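Here is what each chain is made of, one letter per residue.
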Amino acid sequence: MSTTVITGIGELVTNDPAREGVLGLVTDAAVVIEGDRVAWVGRAAEAPAADVAVDAGGRAVLPGFVDSHSHLVFAGDRAEEFAARMSGTPYAAGGIRTSVAATRAAPDELLLSRAAQLVQEMLRQGTTTVEIKSGYGLTTRDEARSLAVARQLTEHTTFLGAHVVPEEHADDPDAYVELVTGPMLEACAPHARWIDVFCETGAFDVDQARAVLDAGEAAGLRGRLHAGQLGPGPGVRLACERGLLAVDHCTYLEAADVEALRESGTIATLLPGVEFSTSQPYPDARALLDAGVRVALASDCNPGSCFTSSIPLCVALAVREMGMTPAEAVHAVTATAAAALDEDGPRGVGRIVPGRRADLVLLDAPSHVHLAYRPGVPLVAGVWQKGRPVV
Ligand SMILES: [Zn+2]
């Protein structure tokens, strides 16, 4: 098996809990990659020899970013809706229907080529693990083919038939829930690892969300939830009660929600690109962290409420607008985001420690702080995925 040593690393973010600080930083560091795994981590002066040597030239190396929430399978775009919103039209969940019509009309090849392009765009910005949801098909056929497309790009595929009630079921949302939990689930489950529901006024209520999660879990999928994006509601507590790994958005939380998150250990995945793109108030990450809640950050890349694929932008927003330190924000897009996808085990991702998958990002900067300090600057100079240089 071929080995590579990356040496001359000015600052290495390991996220190794055995090392000091939130990020387990090592200075003047080296990493040895063997095959698709991290084999050795330590001081450059002590690094073992390898077949290939790469000099980082004093720059920073971090774990590859994990984007635990995205909607990449769709056709069309909603630039006009965005422009209208920026001139004063408020965001409503129904805008999703525009993407649904375009997605239904698009052939599989187009859906795949567009989603693959977004995954490449993410990779160039350091994202080496991505979760992809369906949710713009909303028929059995269109949800199943959306997930089959997503499956070609990631193992982390999520069935989101319960994204919004499609127009043809507007008069009878419960009949749509029966479709989602019945034939649609049956067609989608073979292509999905997770099941998700948009539990929000204007989308699905808590009883409908529970029914979808019950059916999904019975079919072998694991639950995720969108909740608390547009206002407070029972969705966050539902996620905690069920012991879901994560609940996503969490922009509007009541005290009982924060308590439930702390007690259950359910990760609050915050999606600051949404607030940025919709001009809404940001979630209070500081209050969550101070209460002992685990916080992840993800892009929510989607054609409506947030069309960014940039994890570095999310880090910058979390630091600038949500009270996170640069170290907390970097941890939230690596180790905690990996945990939100159940990928934080000894063979997982999100940390640079021996045994983990060799997913690494080289920054054109001396430290992780520059991700927030230099917003909007393309700092990612190199990416290794499964041990291979891909950028
Ligand atoms: Zn979403």
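Predicted model only: the values in this text are computed from it and were never measured.

(A) Local environment of the overall build of the chain. Each helix and strand counted, the chain has 14 helices and 16 strands in total. Expected size for 391 residues packed as a compact globule is a radius of gyration near 21 Å; at 20 Å, the chain falls within 12% of this value. Here the C-alpha coordinates of the chain stretch approximately 70 × 45 × 45 Å along the principal axes. Burial status across the chain gives 56% buried among its 391 residues.

(B) Region of interest: the environment of Arg 237. Take Arg 237: it is sitting in helix 7 (residues 235–241). By the C-beta count within 10 Å, which is 20 here, Arg 237 ends up buried. Separated by 23 residues in the primary sequence, Arg 237 and Ala 260 place their C-alpha atoms 6.2 Å from one another. For Arg 237, the residues in contact, after removing those within four places along its chain, are Ala 256, Asp 257 and Ala 260.

(C) Structural view of the packing of helix 4 (residues 140–151) against helix 5 (residues 173–188). With their axes 8 Å apart at the nearest point, helix 4 and helix 5 run at an angle of 25° to one another. Comparing the axis directions of helix 4 and helix 5 gives the class roughly parallel. For helix 4 against helix 5, the interelement crossing comes out right-handed. Residues Thr 140, Glu 143, Ala 144 and Leu 147 of helix 4 form the contact with helix 5, whose own contacting residues are Pro 183, Met 184, Ala 187 and Cys 188. The class makeup of the residues in the contact of helix 4 with helix 5 is 6 nonpolar, 1 polar and 1 charged.

(D) Structural detail: helix 3 (residues 108–124). The end-to-end C-alpha distance of helix 3, which contains 17 residues, comes to 24 Å, matching closely the 24 Å that a straight helix rising 1.5 Å per residue would cover. Among all positions of helix 3, only Leu 111, Ala 115, Leu 118, Val 119 and Met 122 are buried. One face of helix 3 carries all of its buried residues, which in axial projection span an arc of 100°. Projecting away from the buried face of helix 3 at angles above 90 degrees are the exposed residues Glu 109, Ser 113 and Gln 117. Where helix 3 ends, the next residue or the one after it, Gly 126, has phi of about 100°, a positive value.

(E) Looking closely at the domain arrangement of the chain. In terms of domains, the chain is made up of domain 1 (3–64 + 351–389) and domain 2 (66–340). Computed from C-alpha atoms alone, the centre-to-centre distance between domain 1 and domain 2 is 30 Å. With 20 residues of domain 1 in contact, the opposing surface of domain 2 contributes 21 residues. Within the residue set of the side of domain 1 that touches domain 2, elements represented by two or more residues are strand 5 (60–63), helix 14 (370–373) and strand 15 (380–385). With 3 residues, strand 15 is the largest single contributor of residues to the side of domain 1 that touches domain 2. Along the lines of polarity and charge, the residues of the side of domain 1 that touches domain 2 split into 13 nonpolar, 5 polar and 2 charged.

(F) Molecular detail of the nonpolar core. Counting 128 residues, the largest nonpolar core has Val 31, Val 61, Leu 297, Val 315, Ala 318, Ala 329 and Val 333 as the members making the most contacts within it. Element by element, the count of residues in this core is highest for helix 11 (residues 311–321), at 7 residues. Two domains each provide a minimum of three residues to this core, namely domain 1 (3–64 + 351–389) and domain 2 (66–340). The residues touching Ala 329, leaving out its near neighbours within four places in the chain, are Leu 297, Val 315, Ala 318, Val 319, Met 324 and Ala 372.

(G) Unusual backbone geometry, seen in detail. Located in the positive-phi region is Asp 28, a residue other than glycine, with phi close to 45°. Here Asp 28 lies in strand 2 (residues 26–34). Here Asp 28 falls in the partly exposed class, since 15 other C-beta atoms lie within 10 Å of it. If you check the backbone angles, Asp 342 has positive phi at about 60° while not being a glycine. Turning to its location among the elements, Asp 342 is positioned in the loop between helix 13 (335–340) and strand 14 (360–363).

(H) Local environment of the pairing of strand 8 (residues 156–162). In terms of burial, strand 8 is a largely internal element, 7 of the 7 residues being buried. As judged from the 3 bridges shared by strand 7 (residues 127–133) and strand 8, these two strands associate in the parallel manner. Residue Ile 132 lies in a different strand from strand 8, and its bridge partner there is Thr 157. In this structure, strand 8 lies alongside strand 9 (residues 194–199), joined through 3 bridges in parallel fashion. Each bridged residue has a counterpart across the sheet, and for Phe 159 the counterpart in strand 9 is Ile 195. Taken together, strand 8, helix 5 and strand 9 form a β-α-β motif whose crossover is right-handed.

(I) Expanded view of the sheet that holds strand 7. Taken in spatial order, the 8 strands make up an open sheet running 6-7-8-9-10-11-12-13, and their pairing is parallel. Only two strands of the sheet have a single partner each, and these edge strands are strand 6 (65–67) and strand 13 (295–297). Mean inter-strand twist for the sheet, computed between neighbouring axes without regard to direction, equals 25°.

Criteria and thresholds
Residues numbered from 1 in each chain as written. Predicted model: local features only at pLDDT ≥ 70, side-chain atom pairs only at ≥ 80, totals over all residues. Helix = DSSP H or I, 4+ residues; strand = E, 2+ residues; numbered from the N terminus. Rg over C-alpha atoms; globule rule 2.2 N^0.38 Å. Buried ≥ 20, exposed ≤ 12 C-beta atoms within 10 Å, placed from the backbone. Contact = placed C-beta atoms within 7 Å. Axes fitted to C-alpha atoms, helices over the stretch in contact; angles between N-to-C directions. Parallel < 35°, antiparallel > 145°, perpendicular 65-115°, else oblique. Left-handed = near helix turned anticlockwise from the far one by under 90°. Nonpolar A, V, L, I, M, F, W, Y, C, P; charged D, E, K, R; others polar. Expected span 1.5 Å × (residues − 1). Arc of directions from axis to C-beta. Domains from an automatic or database assignment. Core = buried A, V, L, I, M, F, W, Y, C linked by C-beta atoms within 7 Å. Pairing = 2+ DSSP bridges. Right-handed = clockwise from strand over helix to strand, strands pointing away.

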